[in-house]
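Structural overview for review
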Amino acid sequence: MSIKDQNQAKELLQKATASIRNKNFQQAVQLCQTLTNKYPDMAEGWHLRSLLAAQMNNLQLSLETISKAINLSPDNYPWILHKIHALLHSGAQNSALELALHTAKQDIDDSSIL
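Procedures and definitions
Residues numbered from 1 in each chain as written. Predicted model: local features only at pLDDT ≥ 70, side-chain atom pairs only at ≥ 80, totals over all residues. Heavy atoms only, no water. Axes fitted to C-alpha atoms, helices over the stretch in contact; angles between N-to-C directions. Helix = DSSP H or I, 4+ residues; strand = E, 2+ residues; numbered from the N terminus. Parallel < 35°, antiparallel > 145°, perpendicular 65-115°, else oblique. Left-handed = near helix turned anticlockwise from the far one by under 90°. Contact = heavy atoms within 4.5 Å. Nonpolar A, V, L, I, M, F, W, Y, C, P; charged D, E, K, R; others polar. Expected span 1.5 Å × (residues − 1). Buried < 20%, exposed > 50% of the residue type's maximum accessible area, 1.4 Å probe, protein only. Salt bridge = Lys/Arg side-chain N within 4 Å of Asp/Glu carboxyl O.

Considerations on the packing of helix α1 (residues 3-21) against helix α3 (residues 43-55)
Taken N-terminus to C-terminus, the directions of α1 and α3 make an angle of 15°; their axes are 11 Å apart at the nearest point. In terms of orientation, α1 lies roughly parallel with respect to α3. The way α1 lies across α3 gives a crossing that is left-handed. Residue-level contacts link L13, A16, T17 and I20 of α1 to E44, G45, L48, L52 and Q55 of α3. Across the contact of α1 with α3, the residue classes break down as five nonpolar, three polar and one charged.

Here's what the structure looks like:
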């Protein structure tokens, strides 16, 4: 991504974040969609879109978008916790448990390499 694109993506991310804070959800949805459409490889955009969807009680969209963010940034443990939380709230306790156990095992395996 060029420096110009990075700056534009960062600006969209900041505007979307401000819209969410101001509870202007309609504008935030539009900004997040623009961000993820224009910069699909920017994990932060997918994460923000997931947070927005969760605030709007759209758990399915929240799960879809946090999964995209995690695919782009697989070692981001706060995002994995966000997904576990969304899974729990959507009633998918077994999936949440599996993800938590997989993440814990992966963390233990990674630390044993050191």
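After that view of the structure, there is still more to cover.
A few points about the packing of α1 against helix α2 (residues 25-38)
Two measures define how a pair of helices packs: the angle their axes make with one another and the distance between the axes. In contact at an axis separation of 8 Å, α1 and α2 are set at 155° when each is read in the N-to-C sense. Between α1 and α2, the interaxial angle falls into the category roughly antiparallel. Handedness of the α1/α2 crossing: left-handed. The segment α1 lies against α2, with Q8, A9, L12, L13, K15, A16, S19 and I20 engaging F25, Q27, A28, L31, C32, T34, L35 and K38. For the contact of α1 with α2, a count of residues per class yields ten nonpolar, four polar and two charged.

Let's talk about helix α5 (residues 77-89)
Over its 13 residues, α5 runs 18 Å from end to end, which matches the ideal 18 Å to within 8%, given 1.5 Å per residue. Of the residues making up α5, those classed as buried are W79, I80, H82, I84, A86 and L87. Looking one or two places after α5, you find G91, whose phi comes out positive at around 95°.

Brief notes about the pattern of salt bridges
On inspection of all chains with the given rule, the structure shows one salt bridge. A salt bridge links K15 to E11; the shortest N-O distance between them is 3.2 Å. Placement of both K15 and E11 in helix α1 is noted, with a separation of four residues, approximately one turn of the helix. Of the residues examined, E11 reaches a relative accessible area of 41% and is grouped as partly exposed.

Considering helix α4 (residues 59-72)
Here α4 spans 20 Å end to end across 14 residues, near enough to the 20 Å set by a 1.5 Å rise per residue. Along α4, the residues classified as buried are S62, L63, T65, I66, A69 and I70. Lining the buried residues of α4 we find α3 and α5.

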